[in-house]
Amino acid sequence: MFEKAQSLFPGGVNSPVRAFQSVGGTPLFVDRGAGAHIWDADGNEFIDFCCSWGPLILGHAHPAVVERVTATLSNGTSFGTPTRLENELGELILSNHRYAERIRFVSSGTEAAMSAIRLARGVTGRDKIIKFDGCYHGHADALLVKAGSGLATLGTSSSAGVPEAYARETLVLPLNDLDALEGCVATYKGQIAVVAIEPIPANNGLLIQDPEFLREVRRICTREGILLLFDEVISGFRVGFEGAAGLYDIQPDVLAFGKIIGGGLPVGAYAASEEVMRHIAPTGPVYQAGTLSGNPVAMAAGVAQLSECLKPGFYEALDRKAARLVDPVVAHAKAQGYSFNIFRRGSIFWLAFSDAIHIRRSDQIDSDSMAYFSTLHAALLERGIYLGPSGYEVGFVSAAHTDADLDRAAQAFIEALDVAFA
Ligand SMILES: *Cc1c(COP(=O)(O)O)cnc(C)c1O
C-alpha cells in the first residue's frame, strides 16, 4: 500500500511526518480504531498514543461521537447556511471559556492561526508579528518562518515558496527570554501587531514554559498595544477545558483552536472578545470565509466530544491515567541511570533523551539524541505500542486508555528503553 501511495502522493502521504522518514521503516496503514486501540491493514493491533496527533481525547469511535455524527449525517452533510449545530457548539464553548466572547469556526488549526494573525493585523493596523522558535502555528506563509542567523530577529522562511518579503514581517524570538522580547518590541516600537505563542509549546518537544514568562509576555503586550495570541490548537480542551489560558489564568486577546474541538473531524476556530471579533467580516473589514466552515457533521462531532470533556472529573481522571503510564517509566529510567525523562503536562507527554530538569527552548534539544528515539519507536511497534513517528512530537493519553492498557504500555516502554540504551 505504501508503494501504491508513493505513486499517488508526494512521499506517499498527505502530511509529511506520517511518512516515517525520521524513524525509518514504513508507515502503518490503519484500518480501524476502537477506544485506545488501532488495527493496521495487516491485522496488527496497537495501543495508540498518537491519537490522530491530539484530536481524539476520547479515543477512537467513541459511542457518543459516532451516534451524534451518524444522526447528523443522515440529514445532509452541508448547506452553506447557518445551522443550529453551530449555535450549539459555539454556545457550549463560549459559556465555558472565560476569555472567549465570540468565536468563528474554520476547518483546520492552520486556518485558525492564519486568520487570528490577520485579525490582529486588522485590529492594530500594524504589519509585523512575533513568533517563538520552537512553536508551530500551522503552515500559513507568515508562520513558516524561522529565526535568522546570528542576533537578527528578522525571520527567514522555513519553507521554499514563502517569499522573503513575507518572512521579514515575522520576527522570531527564543522562548523563555524576556530580554529578547523587550529588545525586539523596543526596536520595532509601534510596528508589532501580535505576539503569537503556544502557551504550552508541544510541536517541537514539550517546551513547558514558566508561567511567569507567559505573564510577563502578557504585561509587555498590554504595555505596547500588541495583541497576544494564544495558539491553543493542542493545549485547548486538553490541559483543561479552558486550555492553558484557564490553567495559568492568563487572558490572551485572541485564541486559536483546532484538534480536539472537532471531535476528530476537520474543525478549527478563533475566538476573542466581542470588541476584537467585531473586526471580522461581515461586521468589520477583516475578510475571512469558508465554504465548509461550521460544517454540521463536524459541529456534531465537536458537540459530542466537548460535552464529554465538560463532565465533572474528566481532566483529573485523564491526568491520573497519564501519570499511570509515565511515572513507572521515568522511575525505571532513573533507577537504570538512563539519560532520559518524560515531560508531561496533563495528558500530553514527550520523551526526552536528556538529563535536564527543564527544557524550555528548542535549542536545548540535542538532535543527536533522536537516534535513541528511532530505536525506541521500533521496539515499541514490536510490542504493540504506537507513537507518532518523530522524536520531536508529543504523545497523548485519551480517556479511552484503560488501566490495563496503561500498565501494559508502561511495561513495553520499559523494555523498549532497555533496548534503546543497550
Ligand atoms: C496542529 C497545530 C496547528 C495546525 O493545525 P492543522 O489542523 O494541522 O492545520 C497549529 N497550531 C498548533 C499549536 C498545532 O498544534
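Bear in mind that the values here come from a model prediction, so they are computed numbers and not experimental data.

**Points about the site of the ligand**
No. 1: Around the ligand lies a shell formed by Ser108, Gly109, Thr110, Tyr136, His137, Gly138, Glu198, Asn203, Asp231, Val233, Ile234 and Lys259.
No. 2: Note that an oxygen atom of the ligand is positioned 2.9 Å from one of the backbone N or O atoms of Gly109.
No. 3: In the environment of the ligand, a nitrogen atom lies 3.3 Å from a nitrogen or oxygen atom belonging to the backbone of Tyr136.
No. 4: Within the complex, 82% of the 380 Å² of free accessible area of the ligand lies under protein.
No. 5: Its residues assigned to classes, the shell around the ligand comprises three nonpolar, six polar and three charged.

**Digging into the packing of helix H2 (residues 63-73) against helix H10 (residues 296-309)**
No. 1: Where H2 contacts H10, the two axes come as close as 8 Å, and the packing angle between them is 155°. Classed by the angle they form, the pair H2 and H10 counts as roughly antiparallel. Handedness of the crossing formed by H2 with H10: right-handed. Contacts from Ala64, Val65, Arg68, Val69, Thr72 and Leu73 in H2 reach Pro296, Val297, Ala300, Ala301, Val303, Ala304, Gln305 and Glu308 in H10.

**Remarks on the environment of Ala147**
No. 1: Note on placement: Ala147 falls in the loop between strand S6 (145-146) and strand S7 (156-157).
No. 2: On the basis of relative accessibility, which here comes to 31%, the residue Ala147 falls in the partly exposed class.
No. 3: Considering only alpha carbons, one finds Ala147 and Gly161, 14 residues apart in sequence, at a separation of 17 Å.
No. 4: Residues within four places of Ala147 in sequence aside, it is in contact with Thr156 and Val172.

**Side note on the nonpolar core**
No. 1: Core analysis: the largest hydrophobic core is formed by 113 residues, its most contacted members being Phe49, Ile130, Leu306, Leu325, Phe349, Leu351 and Phe413.
No. 2: When residues of this core are assigned to domains, at least three fall in each of domain 1 (2-61 + 312-420) and domain 2 (63-309).
No. 3: Every residue in contact with Leu325, bar those within four places of it in the chain, is listed here: Phe49, Phe349, Val397, Leu406, Ala409, Ala410 and Phe413.
No. 4: Counting residues in each nonpolar core, the second largest holds 25 residues, with Ala112, Ala140, Leu143 and Leu227 among its members.

**Describing the sheet that holds strand S11 (residues 254-257)**
No. 1: Taking strand neighbours across the sheet as the criterion, the seven strands line up as S4-S12-S11-S10-S9-S5-S8 in an open arrangement whose pairing is mixed. Bordering the open sheet on either side are strand S4 (102-106) and strand S8 (170-174), each of which pairs with just one other strand. The sheet shows a mean angle of 20° between the axes of neighbouring strands, direction not considered.
No. 2: The pairing of S11 with strand S12 (residues 268-272) spans four bridges and is classified as antiparallel. Paired with Leu255 across the bridge in S12 is Ala271.
No. 3: In this fold helix H6 (residues 178-187) packs onto strand S5 (128-133), S8 and strand S9 (192-197), with an angle of close to 155° to the strand it touches most, S8.

**Remarks on the packing of aromatic side chains**
No. 1: Counted by the stated rule, this structure contains 14 aromatic pairs.
No. 2: Relative to Phe29, the ring of Phe2 has its centre 6.5 Å away and its plane inclined at 65°; by these criteria the two rings are edge-to-face. On the criterion of sequence distance, the pair formed by Phe2 in helix H1 (residues 2-6) and Phe29 in the loop between H1 and strand S1 (30-34) is long-range, its members being 27 residues apart.
No. 3: Using a relative accessible area of 28% as the deciding quantity, one classes Phe29 as partly exposed.
No. 4: Among the aromatic side chains, those forming a connected cluster through ring pairs are Tyr338, Phe340, Phe353, Tyr372 and Phe421.

Thresholds, definitions, all that
- Residues numbered from 1 in each chain as written.
- Predicted model: local features only at pLDDT ≥ 70, side-chain atom pairs only at ≥ 80, totals over all residues.
- Heavy atoms only, no water.
- Near = heavy atom within 4 Å.
- Polar contact = N/O pair within 3.5 Å; in protein donor to acceptor, adjacent residues only side chain to side chain.
- Areas by Shrake-Rupley, 256 points an atom, 1.4 Å probe, with all protein chains shown as cover.
- Nonpolar A, V, L, I, M, F, W, Y, C, P; charged D, E, K, R; others polar.
- Axes fitted to C-alpha atoms, helices over the stretch in contact; angles between N-to-C directions.
- Helix = DSSP H or I, 4+ residues; strand = E, 2+ residues; numbered from the N terminus.
- Parallel < 35°, antiparallel > 145°, perpendicular 65-115°, else oblique.
- Left-handed = near helix turned anticlockwise from the far one by under 90°.
- Contact = heavy atoms within 4.5 Å.
- Buried < 20%, exposed > 50% of the residue type's maximum accessible area, 1.4 Å probe, protein only.
- Core = buried A, V, L, I, M, F, W, Y, C linked by side-chain atoms within 4.5 Å.
- Domains from an automatic or database assignment.
- Pairing = 2+ DSSP bridges.
- Phe/Tyr/Trp six-rings, centres within 6.5 Å; stacked < 30°, edge-to-face > 60°.

Nothing here speaks to function; it is geometry throughout.
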